[in-house]
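# Chain and residue survey
Residues per chain are reported as follows:
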Amino acid sequence: MAPPSPRPHHARARAWAELLRLPALFTVPGDALAGAAAVSARPTSRTLLAIASSLCLYEAGMALNDWADRDVDAVERPHRPLPSGRIRPAAALGAGCALTGAGLSLAACAGRPALTVAVPLAATVWAYDLALKNTPAGPVAMATARGLDLLLGAAATAGAGVGRKVGAYPAWATAVADEPRVASGAAAVPRAVDGIRRSLSSAADLGARRTLRSAALLGIRQALPSALLLGAHTLAVTTVSRREAQGGSPLAPFAALAATAALTRTVIRQRSRSTDRSDGSRRGPGSRRPTDLAGLGAAAMSRLSHPPRQTGDHVSPTGSGPEPLDTHAALRLALAAAYAATTARPYLHATLNPSPPLTQRAVTAGIRATIPLQAALTARSGAKGATVTALLTTALAPLAGRFARKVSVT
């Protein structure tokens, strides 16, 4: 007796899961979380919106990828959803457009700085799928998209603190106009108060927007090193994936193996971070008030009186000697080792025998290794709450592996 055929709705759901490569979704949230840690901040509601935006834009890229490659897949991968006829090409293109719109809308809800990063991210995704994939610029475009995804989380999180202050002064200025009016005959006084209110509102709005923009730019600058490291990993994986269907080139997996070694060494090293010594706590962008001259002066005098002593990769703020290995450092070492272990053997096998199955296995390992790398970058930041965030990111790895046994990520 023949086995029962799957139900129509189950078969359709599986086809969409294959089109969107759902197991790869678990590699996305760590981008925004690493971006939040890079700006020395805990994840906020805006970070969650950035994650949702990233998920939508990532899946838009998956749908567009298969739509653009439907003719090539008909020859090399006829089992894919579009060549096999399980999903219509128009439906895949429509899903890509809808997911792009949803991603940009969610980024707009996370604030203007997040939208400013999400727009070039979406443009990069579309450019890669429709024009750059089969060109030498393809791997660079994919690496740029992954780096921008991390910066999206940084921009959204960095603007959260100052974003809550936007509108505070206009509200105060509005209250001025609500004060009891003077004598009814003095009609010029209410008009003067209204003019003052409008002037104060405009000035406060302008100042708040400038503060928000400055905080976002500072956050992006702080997160740029992490974005470059994550982009370098993506560049290596994408370069290997260009030959996964044909195989035959040991240079790409060997270069990816060397890149993994270099990235592991870089992640293990302690990140240089600016610390506000005035109260002994680390502060994120926008947390120090520009008008707090006394605090700035105290911080400067503290640095002059007690210059930090460089001791290897650790800095002792009191100059008394090296700081002991803390939880962040131990976790960073463990995550860096997990990252290297995930990719080393598959890359080595693909180098020695660059057959399509081993090359595809190397690509799958490279995608899975994104999660421990994101967690290592989070722990490397040393931000408050980074340990918990890194562990939460690491927890996504077994889930990705479990779903990858059912749906391929390549």
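Residues numbered from 1 in each chain as written. Predicted model: local features only at pLDDT ≥ 70, side-chain atom pairs only at ≥ 80, totals over all residues. Heavy atoms only, no water.

On to the overall build of the protein, then. Looking only at helices and strands, the protein has 16 helices and two strands in total. Taken over 410 residues, the protein has a buried fraction of 43%. Roughly 20,600 Å² of accessible area belongs to the protein as shown, and the carbon and sulfur atoms make up 63% of that amount. (Helix = DSSP H or I, 4+ residues; strand = E, 2+ residues; numbered from the N terminus. Buried < 20%, exposed > 50% of the residue type's maximum accessible area, 1.4 Å probe, protein only. Areas by Shrake-Rupley, 256 points an atom, 1.4 Å probe, with all protein chains shown as cover.)

Okay, the packing of aromatic side chains next. Within this structure, the stated rule accounts for one aromatic pair. Across from the ring centre of W67, 4.5 Å away, lies the NZ or CZ of R70, which sits over that ring. (Phe/Tyr/Trp six-rings, centres within 6.5 Å; stacked < 30°, edge-to-face > 60°. Lys NZ or Arg CZ within 6 Å of the ring centre and 35° of its normal.)

Locating T351 in the fold gives a position in helix α12 (residues 327-352). Of note is the side chain of T351, whose polar atom sits 2.8 Å from the backbone oxygen of Y347. Those residues in contact with T351, other than ones at most four positions away along the chain, are P250, P253 and F254. (Polar contact = N/O pair within 3.5 Å; in protein donor to acceptor, adjacent residues only side chain to side chain. Contact = heavy atoms within 4.5 Å.)

Right, let's talk about the packing of α12 against helix α14 (residues 370-381) for a bit. In the contact formed by α12 and α14, the axes pass within 8 Å of each other and the chain directions differ by 160°. Relative to α14, α12 is oriented roughly antiparallel. Relative to α14, the crossing made by α12 is left-handed. When α12 is examined against α14, the residues H328, L331, R332, L335, A336, A338, Y339 and T342 are found in contact with a partner set consisting of P372, L373, A375, A376, A379 and R380. Of the residues in the contact of α12 with α14, the class split is 10 nonpolar, two polar and two charged. (Axes fitted to C-alpha atoms, helices over the stretch in contact; angles between N-to-C directions. Parallel < 35°, antiparallel > 145°, perpendicular 65-115°, else oblique. Left-handed = near helix turned anticlockwise from the far one by under 90°. Nonpolar A, V, L, I, M, F, W, Y, C, P; charged D, E, K, R; others polar.)

This part covers the packing of α12 against helix α13 (residues 356-368). Geometrically, a packed helix pair is captured by the angle between its two axes and the distance between the axes. Running from N to C, α12 and α13 point in directions that differ by 160°, and their axes come no closer than 8 Å. Classed by the angle they form, the pair α12 and α13 counts as roughly antiparallel. Seen from above, α12 lies across α13 with left-handed handedness. Listed contacts from α13 to T342, T343, P346, Y347, H349 and A350 of α12 are L358, T359, R361, A362, A365, G366 and R368. Class assignment of the residues belonging to the contact of α12 with α13 gives a composition of six nonpolar, five polar and two charged.

Another point: the nonpolar core. Judged by nonpolar contacts, the single largest core of 42 residues is most densely connected at L121, L152, V267, L335 and L377. Elements supplying a minimum of two residues to this core: α2 (29-38), α3 (45-68), α6 (112-132), α7 (138-163), α9 (188-241), α10 (251-268), α12 and α14. Sorting elements by how many residues they give to this core places α7 first, with nine residues. Other than its neighbours up to four places away in sequence, L152 contacts A50, S53, S54, A114, V117, A118 and L121. A236, A252, A256 and A350 belong to the second largest nonpolar core, which has 11 residues in total. (Core = buried A, V, L, I, M, F, W, Y, C linked by side-chain atoms within 4.5 Å.)

Turning our attention to the confidence of the model for the protein. Within the protein, residue pLDDT values average 80, and 71% of them lie at 70 or more. Contacts from residues 163-185, a stretch scored under 50 in pLDDT, to residues over four places away or in other chains number 19 contacts. pLDDT under 50 marks residues 273-324. Its contacts with residues more than four places away, or in other chains, come to 55 contacts. (pLDDT = per-residue confidence, 0-100.)

Let us now look at unusual backbone geometry. At R21, a position not held by glycine, the phi torsion is positive, near 50°. By secondary structure assignment, the location of R21 is in the loop between α1 (8-20) and α2. Classification of R21 by relative accessible area gives buried; the value is 6%. In this structure, S40 is a non-glycine residue whose phi angle is positive, near 60°. A relative accessible area of 17% means that S40 is categorised as buried.

Turning to the pattern of salt bridges, a few remarks are in order. For side chains of opposite charge, pairing can occur when their charged atoms come near one another. Within this structure, the stated rule accounts for seven salt bridges. Residues E18 and R14 are paired through a salt bridge, measuring 3.2 Å at the closest nitrogen-oxygen approach. A residue pair is termed a helical-turn pair when its members lie 3 or 4 positions apart in one helix, as E18 and R14 do in helix α1 at four residues. For E18, a relative accessible area of 13% puts it in the buried group. Between K133 and D69 there is a salt bridge, with the nearest N and O atoms lying 2.4 Å from each other. Here K133 is found in the loop between α6 and α7, whereas its partner D69 is found in the loop between α3 and α4 (70-76), with 64 residues between them in sequence. (Salt bridge = Lys/Arg side-chain N within 4 Å of Asp/Glu carboxyl O.)

Turning to the side chain of D66, a few remarks are in order. Among the structural elements, D66 can be located in helix α3. A polar contact of 3.2 Å, which involves the side chain of D66, links it to the side chain of N65. Here D66 is in contact with L19, R21, D73, R80, P81 and L82, once residues within four sequence places are set aside.

A few words on the environment of A261. As for its placement among the helices and strands, A261 is situated in helix α10. Looking at A261, the relative accessible area reads 48%, which means it is partly exposed.

With that out of the way, let us pick up the environment of D73. Position of D73 among the secondary structure elements: in helix α4. The class of D73 is buried, set by a relative accessible area of 7%. In contact with D73, not counting residues within four places along its chain, are D66, P78, R80 and P83.

Here α6 spans 28 Å end to end across 21 residues, near enough to the 30 Å set by a 1.5 Å rise per residue. Those residues of α6 not exposed but buried are P113, A114, V117, A118, L121, A122, T124, V125, Y128 and D129. (Expected span 1.5 Å × (residues − 1).)

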